[in-house]
Amino acid sequence: GGLILPIIPFEHTWNRSFRGFLYLIGLLWCFLGVSVLSDVFMAGIERITNGTYMKKVKGKDRAGNEVWTTVEETTWNASVANLTLMALGSSTPEILLSLIEISGAGFFAGDLGPGTVVGSASFNLYVIVGLCMSALPEGETRRIEGWTVHVITAIHSLLVYVWLVVIIV
């Protein structure tokens, strides 16, 4: 047997179609659970990033006199939400696969381990960005307005590559 399946002893003696049906129901139940958790997570992210506070800002009126105005500012930067969602969506499957492998191998890293996570990050950083750049129509250009997300992602990706070199060498 595998690490998790079969769940019930002597399950392999049951009819194969019946087992397949039960596994399909279990898989759909897991998908429903992920859907509910994602909805709760997104509602939390929206609530956090939509919070605002009032801030006093010094300025000048038309006559050049100093005046204070009240401005509404967001509590959280939208970059935090973007990075969190990107990490959740792109790296969770690899991290969970690595955790399953480690727990099944007596808590020693196996063949998938760190290479899977770093490989996924490399794919996301280079291939997906390259495809997005090549998908622009001829003569059309786009500008990135919020550099914070991209700078933080690039720095952390480079740190992951350095970490991989350290643990391999």
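Going by the structure above, here's the rest.
What counts and how
- Residues numbered from 1 in each chain as written.
- Predicted model: local features only at pLDDT ≥ 70, side-chain atom pairs only at ≥ 80, totals over all residues.
- Heavy atoms only, no water.
- Helix = DSSP H or I, 4+ residues; strand = E, 2+ residues; numbered from the N terminus.
- Rg over C-alpha atoms; globule rule 2.2 N^0.38 Å.
- Buried < 20%, exposed > 50% of the residue type's maximum accessible area, 1.4 Å probe, protein only.
- Contact = heavy atoms within 4.5 Å.
- Lys, Arg positive; Asp, Glu negative; His and termini not counted.
- Charge placed at Lys NZ, Arg CZ, Asp CG, Glu CD.
- Expected span 1.5 Å × (residues − 1).
- Bend = angle between axes of the 7 residues up to and from the residue.
- Pairing = 2+ DSSP bridges.
- Salt bridge = Lys/Arg side-chain N within 4 Å of Asp/Glu carboxyl O.
- Polar contact = N/O pair within 3.5 Å; in protein donor to acceptor, adjacent residues only side chain to side chain.
- Phe/Tyr/Trp six-rings, centres within 6.5 Å; stacked < 30°, edge-to-face > 60°.
- Axes fitted to C-alpha atoms, helices over the stretch in contact; angles between N-to-C directions.
- Parallel < 35°, antiparallel > 145°, perpendicular 65-115°, else oblique.
- Left-handed = near helix turned anticlockwise from the far one by under 90°.
- Nonpolar A, V, L, I, M, F, W, Y, C, P; charged D, E, K, R; others polar.

Quick word on the overall build of the protein chain
Link 1 in the chain: Helix and strand counts for the protein chain come out as 4 helices and 2 strands.
Link 2 in the chain: In sequence order, the secondary structure elements of the protein chain are arranged as α-β-β-α-α-α.
Link 3 in the chain: Since a compact globule built from 169 residues should have a radius of gyration of about 15 Å, the 24 Å found for the protein chain marks it as more spread out than a globular shape.
Link 4 in the chain: Structurally, the protein chain occupies a C-alpha span of about 90 × 40 × 40 Å along its principal axes.
Link 5 in the chain: For the protein chain, with 169 residues in total, the buried portion stands at 11%.
Link 6 in the chain: Looking at the protein chain alone, contacts between residues at least 24 apart form 40% of all its contacts between residues at least 6 apart.
Link 7 in the chain: Each charge class in the protein chain was averaged separately, 10 positive and 13 negative side chains, and the resulting centres sit 9 Å apart.

Focus on helix 3 (residues 113–134)
In an α-helix there are 3.6 residues to a turn, and that puts residues three or four apart on one side.
Link 1 in the chain: The end-to-end C-alpha distance of helix 3, which contains 22 residues, comes to 32 Å, matching closely the 32 Å that a straight helix rising 1.5 Å per residue would cover.
Link 2 in the chain: Along helix 3, the sharpest change in direction is near 30 degrees and occurs at phenylalanine 123.
Link 3 in the chain: Along helix 3, the positions that sit buried rather than exposed are Gly113, Val118 and Ser120.

A short note on the pairing of strand 1 (residues 52–60)
Link 1 in the chain: Of the strand pairs in this sheet, strand 1 and strand 2 (residues 66–74) are connected by 9 bridges, and their pairing is antiparallel. Along strand 2, the bridge assignment pairs lysine 58 with tryptophan 68.
Link 2 in the chain: Between strand 1 and the antiparallel strand that follows it, strand 2, lie 5 residues; glycine 64 among them carries a positive phi value of about 90 degrees.

A short note on the side chain of glutamate 11
Link 1 in the chain: Here glutamate 11 lies in the segment before helix 1 (16–50).
Link 2 in the chain: Although glutamate 11 lies buried, it forms no salt bridge, and the closest oppositely charged side chain, arginine 19, sits 4.4 Å away as judged by the N-O distance.
Link 3 in the chain: If sequence neighbours within four positions are ignored, glutamate 11 has contacts with Pro6, Arg19 and Tyr23.

Notes on the environment of threonine 52
Link 1 in the chain: Take threonine 52: it is sitting in strand 1.
Link 2 in the chain: Counting along the chain gives 23 residues from threonine 52 to threonine 75, while the straight-line C-alpha distance between them is 5.0 Å.
Link 3 in the chain: Filtering out sequence-adjacent residues up to four positions away, threonine 52 remains in contact with Glu72, Glu73, Thr74 and Thr75.
Link 4 in the chain: There is a polar contact of 2.7 Å between the side chain of threonine 52 and the side chain of glutamate 72.

A short note on unusual backbone geometry
Link 1 in the chain: Even without glycine at this site, phenylalanine 10 takes up a positive phi of about 65 degrees.
Link 2 in the chain: By the element assignment, phenylalanine 10 lies in the segment before helix 1.

Side note on the packing of aromatic side chains
Link 1 in the chain: If you walk through the whole model with that rule in mind, you get 1 aromatic pair.
Link 2 in the chain: Considering the side-chain rings of tryptophan 14 and phenylalanine 18, the 6.0 Å spacing of their centres and the 55 degrees angle between planes classify their relative orientation as tilted.
Link 3 in the chain: Among the residues examined, tryptophan 14 registers a relative accessible area of 32% and is labelled partly exposed.

Remarks on the packing of helix 3 against helix 4 (residues 147–168)
Link 1 in the chain: Interhelical geometry of helix 3 versus helix 4 gives an angle of 150 degrees and a closest axis separation of 11 Å. Considering their axes alone, helix 3 and helix 4 lie roughly antiparallel with respect to each other. Classified by chirality, the crossing of helix 4 by helix 3 is left-handed. Within the contact between the two elements, helix 3 uses Pro114, Val118, Ala121, Ser122, Leu125 and Tyr126 and helix 4 uses Ser157, Val160, Tyr161, Trp163, Leu164 and Ile167.
Link 2 in the chain: The class makeup of the residues in the contact of helix 3 with helix 4 is 10 nonpolar, 2 polar and no charged.

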